[in-house]
Amino acid sequence: MEIKPPITNIEESNCESTPVLEIIRAKPDIWVRWGSVFLLFLLVVTGGIAYFISYPDIIPINGRLVSINAPKEIRIKKTGKLIKLFKEEGEQVTKDEIIGFIESTASHEEVSKLSTLIATIDRWLILQHVGQISDLTVPDFRNLGELQPHFQVFKMDFSEFLEYTGNGFFIRKRKMLMDDIVYLQKLFSELRTQKEYLISDALLTDSTFQAHAILKNEKVISAMDYRQEKSKLLAKKMTIPQINASIISNELQQHEKRKEIAELDNRIKEQGAIFHQALYTFKSRIAEWRDRHLLIAPESGLISFNIFWQENQQLLEGQSFCYVIPPHSGIYAEAVIPQYKFGKVKTGQEVRIELLAYPENEFGKLTGRLDFIAAVPNDSGYLARVSLPLHLQTSSNKLLTYRPGLFFKAGIITEKKNLLQRLFDNLRYDRR
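Okay, so let's go over this structure. (Residues numbered from 1 in each chain as written. Predicted model: local features only at pLDDT ≥ 70, side-chain atom pairs only at ≥ 80, totals over all residues. Heavy atoms only, no water.)

## Description of the pattern of salt bridges
Here is step 1 of the chain: For the structure shown, the criterion picks out 13 salt bridges.
Here is step 2 of the chain: A salt bridge links Asp-291 to Lys-77, with the nearest nitrogen and oxygen atoms 3.1 Å apart. Placement of Asp-291 in helix α8 (residues 223-293) and of Lys-77 in the loop between β3 (72-75) and β4 (80-85) is noted, with a sequence separation of 214 residues between them.
Here is step 3 of the chain: Residue classification places Lys-77 among the partly exposed residues on the basis of a relative accessible area of 35%.
Here is step 4 of the chain: A cluster of three or more residues bridged by salt bridges with shared partners is formed by Lys-87, Glu-91 and Glu-97. (Salt bridge = Lys/Arg side-chain N within 4 Å of Asp/Glu carboxyl O. Helix = DSSP H or I, 4+ residues; strand = E, 2+ residues; numbered from the N terminus. Buried < 20%, exposed > 50% of the residue type's maximum accessible area, 1.4 Å probe, protein only.)

Structure below.
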């Protein structure tokens, strides 16, 4: 058997395995030779990018802007015609200023004068300037409509009250009683002096009588002379009880006068309380009338009508007449946070606000800060308050004008997370 020598040259094997030789001789592509390195590099770059790229979740909310000193609405309290309108759109008004008159059987001018008079009396009563009240004269108002009967009752109470103040009858009577006490005190002083004189005279008479008694015992004077001296002494002593009775009578008279004054003071005090009650009752009647027939500004600010009113126009009870917009002392956003993703929401987070009345592409957005979240939810979610550190200045450096009832849509910027954290969060969620 012939043994073949081993093949030492590749070319010698071409005849036996050409495809194998082609594979062996072929040079691998660069992607095959360096593919693992490129893949590892790509993974490192992608991981680095995923680590440095982070973004927050944005939780959408809706709400409205609220003024701390919100506009005050004036509503019509009685159906009737608009008799007089004193203000126009955008005019300034002060608190308690009259904006208009509603139809009434009473004269608005007379009721206004009467209201001023009652307020003056009330102020002087509080300051206890009773003397100034007594100098007042209440005019005879005749066009008070439904207030006329109440005015007549008040006027009678006022007239009776004046008798207890100033120079009224009971004040003059009290002064006379005080004068009587002064006179009685002077008489009391005279009686005391007279008593002292009588006691001194009685002592002298007693000394004289003692001397006569010695003379009688020595039989120098007769019994007749002795009896005469004794009679004189008894007469002197009898005057002392009489003067004591006069003094007691004087003290009793002073006591009676003081008793009358005390009763009169109590009566004056009671009458003052009765008049106070009558005044406040009538004042409440006027307030009820003013509330129904006058359109009064509840606050200082600017007038804003929601209807173009005209004089002699019919008004309906319960209808909104106008608003008084006070100077804004502060504005904040009021919103409701839904329960979806509510666990990510915390106070202090930034809020981006887009007002529906001011498109974002033209005016920009407002920047707010979540500073309050209600502990108990309502039907829609959790009530929240968003402060506006930059007021109404937008991201486009435009200052917006506040108007009542501005609604907005916004997004709460939650805590940022990078792509790797979100990937791991998803992996943990998938494992569950």
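This is not the end of the story, as more comes after the structure.
## Looking at the environment of Glu-350
Here is step 1 of the chain: Along the chain, Glu-350 falls in strand β12 (residues 350-355).
Here is step 2 of the chain: Spatially, the C-alpha atom of Glu-350 lies 5.9 Å from that of Gly-368, the residues being 18 residues apart in sequence.
Here is step 3 of the chain: Beyond its immediate sequence surroundings of up to four residues, Glu-350 is in contact with Thr-367, Gly-368, Arg-369, Gly-411, Ile-412 and Ile-413.
Here is step 4 of the chain: Side chain to side chain, Glu-350 and Arg-352 meet in a polar contact 2.4 Å long. (Contact = heavy atoms within 4.5 Å. Polar contact = N/O pair within 3.5 Å; in protein donor to acceptor, adjacent residues only side chain to side chain.)

## As for the nonpolar core
Here is step 1 of the chain: Counting residues in each nonpolar core, the largest one holds 27 residues, and the members touching the most others are Leu-65, Ile-353 and Leu-370.
Here is step 2 of the chain: When residues of this core are traced back to their parent elements, those giving at least two are β2 (58-67), β11 (331-337), β12, β13 (366-373), β14 (382-387) and β15 (407-413).
Here is step 3 of the chain: For this core, the leading source of residues is β11, giving 4 residues.
Here is step 4 of the chain: Residue contacts for Leu-65: discarding those within four places in its chain leaves Ile-331, Tyr-332, Ala-333, Leu-355, Leu-388, Leu-392, Tyr-402, Leu-406 and Phe-408. (Core = buried A, V, L, I, M, F, W, Y, C linked by side-chain atoms within 4.5 Å.)

## Re helix α4 (residues 108-126)
Here is step 1 of the chain: Taking 1.5 Å per residue, 19 residues should reach 27 Å; α4 reaches 27 Å between its end C-alpha atoms and fits that length.
Here is step 2 of the chain: Within α4, the full set of buried residues consists of His-108, Glu-110, Val-111, Leu-114, Ser-115, Leu-117, Ile-118, Thr-120, Ile-121, Asp-122, Trp-124 and Leu-125.
Here is step 3 of the chain: Buried residues in α4 make contact with β6 (98-102), α5 (130-134), α6 (148-162), α8 and β7 (294-296).
Here is step 4 of the chain: Just beyond α4, the residue with positive phi is Gln-128, at close to 60 degrees. (Expected span 1.5 Å × (residues − 1).)

## Description of the layout of surface pockets
Here is step 1 of the chain: What the largest pocket holds in volume is close to 330 Å³.
Here is step 2 of the chain: For the largest pocket, the lining is made up of 12 residues, of which Ser-304, Ile-325, Tyr-402, Arg-403 and Pro-404 are closest to its centre.
Here is step 3 of the chain: Looking at the lining of the largest pocket, the elements that each hand over two or more residues are β8 (301-305) and β10 (320-325).
Here is step 4 of the chain: Of the residues that constitute the lining of the largest pocket, the class distribution is 8 nonpolar, 2 polar and 2 charged. (1 Å grid on protein atoms, 1.4 Å probe; cavity = no way out; pocket = protein on both sides within 12 Å on 5 of 7 lines; lining within 4 Å. Points joined across faces, edges and corners; volume = space filled by probe spheres on them. Nonpolar A, V, L, I, M, F, W, Y, C, P; charged D, E, K, R; others polar.)

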